[in-house]
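Fold and contact review
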Amino acid sequence: MSFESEAAGKLQIAYTVSFPEAQAHYADIEMDIKGIAQNKLDLKLPVWTPGSYLVREFAKNVESFTAESNGKAVSVVKTRKNIWQLNTQGLTSVKVKYRFYAFEISVRTAFIDNTHAFLSTSGMFFYPAGGLDLPSTIKIIPYKSWDKVSTSLEMVGNDPFTVKAPNYDILFDSPIEVGNQEVFNFKVGNTNYEVAMYGGGNYDKERLKKDMAKVIETEVAIFGENPNKRYVFIVHNYLKGGGGLEHLSSTVLGASRDAYATAAGYEGFLSLVAHEHFHLWNVKRLRPIALGPFDYDNEVYTTNLWIAEGFTAYYDNLAVRRTNLFPVDDYLTALAADFNTIDNTPGTKVQPLSQSSFDAWIKGYRPDENSINTGISYYNKGAVVGMMMDLEIINNSKGAKSLDNVMRYMYNEYYKVKKRGYTDAEFKAGLEAAAGKKLDDFYAAYINGVDDMDYNKYLAYAGYKAVDEHEGQSIADLGVRVTSANGKIRIANVLRGTAGWVDGLNVNDELVSIDGVPVTDPKKTIVGKQVGDRLSIVVTRDGRQLTIPVTLKQTTQKKYHIVSVDAPTAQQLAVRKKWLNLQ
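Note that the structure is a prediction, hence the values are computed from the model and not measured.

**Some points on the nonpolar core**
- In terms of nonpolar packing, the biggest core is built from 101 residues, with Met387, Leu459 and Trp579 touching the most fellow members.
- By residue number, the principal contributor to this core is helix α5 (residues 305-322), which donates eleven residues.
- Setting aside chain neighbours within four positions, we find Leu459 in contact with Leu335, Phe339, Met387, Leu391, Tyr464, Lys465, Ala466, Ile562 and Trp579.
- Counting residues in hydrophobic clusters, the runner-up holds 52 residues, among them Tyr15, Ile36, Leu43 and Tyr127.

Shown next as C-alpha cells:
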C-alpha cells in the first residue's frame, strides 16, 4: 500500500451541505477532514457516474474552492481537471469549502431550485485519493421550508438530516432528494420500500403501492432473494419526463406527472419501475467484471452492456406482464416495437451488439445526426436477444428452464460465491448450460456480428410470428426524418441507402417544395408518388436555394406486429404459457 493510501485510511470526513442560494441553483458544501498525516492531500471528483457511460466532467460545476486550517488559508493547486491538491504539511485537519452549480434535469445529474434539491452524489462530493474505502457523514441544512430527506443512506441517530456512508462507492451510489416530496411506504417480504414523489402528478399512491409490490415480488422470485432491507424510489415528475438510473439500494426515475391516468402511461411507469429495480441484481450485484471496483477518473469498458442493460430491458416489460397488469396484446405490441427499432435503424447492419456496448462512451451517449446509420442500441437489441435466448431455453428444456435460471445461477455463482464480476465467456457458458447447446453460431450472428435477426424462428417456439405490414407493398419513400419549427421543415436524419441518401439530401436542409408543391409534411407531399418516380426537390442549404433531383426508392422501414400462428401445437402452447405466465 502506498503512503498516500495508508495515510488516507486514517482520515475522518464530514460534509455539510446548505442551500443559501437554492433559487440560483447552488449548493454550498463544506468538507471537514481530520487525521491528516501527509504533506499533500489530493481531493478528487468523479468524472462519470456508474450506470451512465459518459464522462460528464462534473468538476465544471465547482466554484470558489478554498481550504483553511485553524482559520488560516491552506494552499490549493489544481493538478488535473478533477483533482485539487492541498498543501497539508504540518496540518492534522483542514476544512474545504466549495460551491456547486446544479441545473441539469436528468436522473444522473444534480439539480437545485427553490422547490427541491436532487443531489447526485457521484458528481458533487470530493474524496481523498486512495481513500475510496473511507466512511463519511453528510449533514444537510435544508432551504427554508424543506422538511424531508429521501436517500438509501442510513441516518445518524434519529436525525433525518444527517446521514452516513460506509465508503465512497456507497456514497456515490446513493443519491439524495431534499425538499417537500410526498413520501409513501410499503413492504415486500422483509424489505421496506420508500417512494419519494417530487413534482406532484395524477398518480394514485394506494394503487402504486399494490402494483409496484406485485412487480417487485415477480423480480424477487427470479433471483430467489432480495438483498436489500430497505430500498428507495426517488421519482421526479415533470411535464414530460422519463428515464431512470439504478443504484445499489435505490433508483431515480423520471416521469410525466399527468401520464399515470392513461393505460399506456401507467404501464410505462410500471415498466420503468421494473427496469430500474431489476438492476439491483443485474449490474449492481451480478455484473460484467469491468464494472467494479470503479475507476472514477476514466472510462471503464465492457462488451456486456447488452446483458446488463439489454436483458434488464427485456425483463422490465416481461415482469409487468407476469403480474397480469400488462395484457398479453400490450406486451406483444411493445416487443414488436423493439423489432421495428432494430430493423429501422440502418446502423444495426454496421455495429455489432458487443461493440455497441464497448463504444457506449463515444457513441451511445453522444448521438448525432448520423448515429442511426452507424450504431444500434444495446437496450433494444439486447432485449430482443434476451427474448430469443429465453424462448430457446424454454423450448429446449420443454418448459423446465428459462432465462430466469441463467440469471439466478449467475447471481449466485459470481456475486455470492466468487464475489466478482463475470467474463464474456462465463456468461456465455451459463447460457449454454441452460440451453443445452453451444451458442457459438448465435454469438457470431447476433452478438459479435450483424446478421438479420430471425425473430420468427424463436417466436415460433411459442406459436407466434412477426408480420411486417409493409411486406409485398410498393411504398415510395424519401428516407429522411424531419423536424418542424417556426413553420420550417428541416431534415434531421438521412437514412443509409435510401433515396435521400443516394441523391444527396443533407441533414439541416430546409425542405421548401417537392415538384413545386410547398412542403408542410414530406410524407403527405409524396402521397400518390411511385417507386422510381423522379422528383424535383427545392431545399435551402446554408442560405442558398438548391434544386435536387431525387428518385424515389422502396421504403426500407418495417412495421411489425405479432400474431399467433394458425393451430399452435401443444408444445407451442406450453412454451407460450411458461413464457408469458398465462393462467
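**Side note on the layout of surface pockets**
- Volume-wise, the largest pocket comes out at about 870 Å³.
- Along the walls of the largest pocket sit 42 residues, with Gly364, Ser377, Tyr378, Tyr379 and Asn380 positioned nearest its centre.
- Elements supplying a minimum of two residues to the lining of the largest pocket: β21 (244-246), α4 (263-278), α5, α6 (328-343) and α8 (371-374).
- Per element, the largest residue contribution to the lining of the largest pocket is seven residues, and it comes from α4.
- Here the lining of the largest pocket is built from residues that sort into twelve nonpolar, 20 polar and ten charged.

**With respect to empty space enclosed by the protein**
- Considering all chains together, one arrives at three cavities of 30 Å³ or more under this definition.
- What lines the largest cavity is Ala313, Tyr314, Asn317, Tyr331, Ala334, Leu335, Asp338 and Ala383.
- Among the elements of the structure, α5 and α6 are those that each provide at least two residues to the lining of the largest cavity.
- Among the elements that line the lining of the largest cavity, the one with the most residues is α6, at four residues.

**Looking at the pattern of salt bridges**
- What the rule picks out here adds up to 24 salt bridges.
- The salt bridge involving Glu57 is made with Lys81; its shortest N-O contact spans 3.0 Å. Residue Glu57 is found in the loop between β3 (40-44) and β4 (62-69), and its partner Lys81 is found in the loop between β6 (76-80) and β7 (83-87); the two are separated by 24 residues along the sequence.
- You can call Glu57 partly exposed: its relative accessible area is 31%.
- Arg420 serves as the salt-bridge partner of Glu426, at 2.8 Å between the closest nitrogen and oxygen.
- Since its relative accessible area comes to 27%, Arg420 is described here as partly exposed.
- Where salt bridges share partners, they join Lys428, Glu432, Lys438 and Asp440 into one cluster.

**Some points on the packing of helix α9 (residues 380-396) against helix α12 (residues 440-447)**
- Direction vectors running N to C along α9 and α12 enclose 155 degrees, while the axes themselves pass 12 Å from each other. When the axes of α9 and α12 are compared, the pair comes out roughly antiparallel. Handedness of the crossing formed by α9 with α12: right-handed. On α12, the residues that touch Lys381, Val385, Met388 and Met389 of α9 are Phe442, Tyr446 and Ile447.
- Considering only residue class, the contact of α9 with α12 consists of six nonpolar, no polar and one charged.

**Some words on the sheet that holds strand β12 (residues 127-128)**
- Strand order in the open sheet formed by four strands is β6-β7-β3-β12, with antiparallel pairing between adjacent strands. For this open sheet the edge positions go to β6 and β12, each flanked by a neighbour on one side alone.
- Pairing between β3 and β12: two bridges, direction antiparallel. Note on β12: the bridge partner recorded for Leu43 is Pro128.

**Some thoughts on unusual backbone geometry**
- Between Gly292 and Pro293 the backbone carries a cis peptide bond, its omega angle lying at -10 degrees.
- Considering the arrangement of structural elements, one finds Pro293 in the loop between α4 and α5.
- In the Ramachandran plot, Ser64 falls in the positive-phi region, its phi being about 55 degrees despite a non-glycine side chain.
- Position of Ser64 relative to the elements: it lies in strand β4.
- Of note in this structure, Asn70 is not a glycine but carries a positive phi near 55 degrees.

Rules of the game
- Residues numbered from 1 in each chain as written.
- Predicted model: local features only at pLDDT ≥ 70, side-chain atom pairs only at ≥ 80, totals over all residues.
- Heavy atoms only, no water.
- Core = buried A, V, L, I, M, F, W, Y, C linked by side-chain atoms within 4.5 Å.
- Buried < 20%, exposed > 50% of the residue type's maximum accessible area, 1.4 Å probe, protein only.
- Helix = DSSP H or I, 4+ residues; strand = E, 2+ residues; numbered from the N terminus.
- Contact = heavy atoms within 4.5 Å.
- 1 Å grid on protein atoms, 1.4 Å probe; cavity = no way out; pocket = protein on both sides within 12 Å on 5 of 7 lines; lining within 4 Å.
- Points joined across faces, edges and corners; volume = space filled by probe spheres on them.
- Nonpolar A, V, L, I, M, F, W, Y, C, P; charged D, E, K, R; others polar.
- Salt bridge = Lys/Arg side-chain N within 4 Å of Asp/Glu carboxyl O.
- Axes fitted to C-alpha atoms, helices over the stretch in contact; angles between N-to-C directions.
- Parallel < 35°, antiparallel > 145°, perpendicular 65-115°, else oblique.
- Left-handed = near helix turned anticlockwise from the far one by under 90°.
- Pairing = 2+ DSSP bridges.

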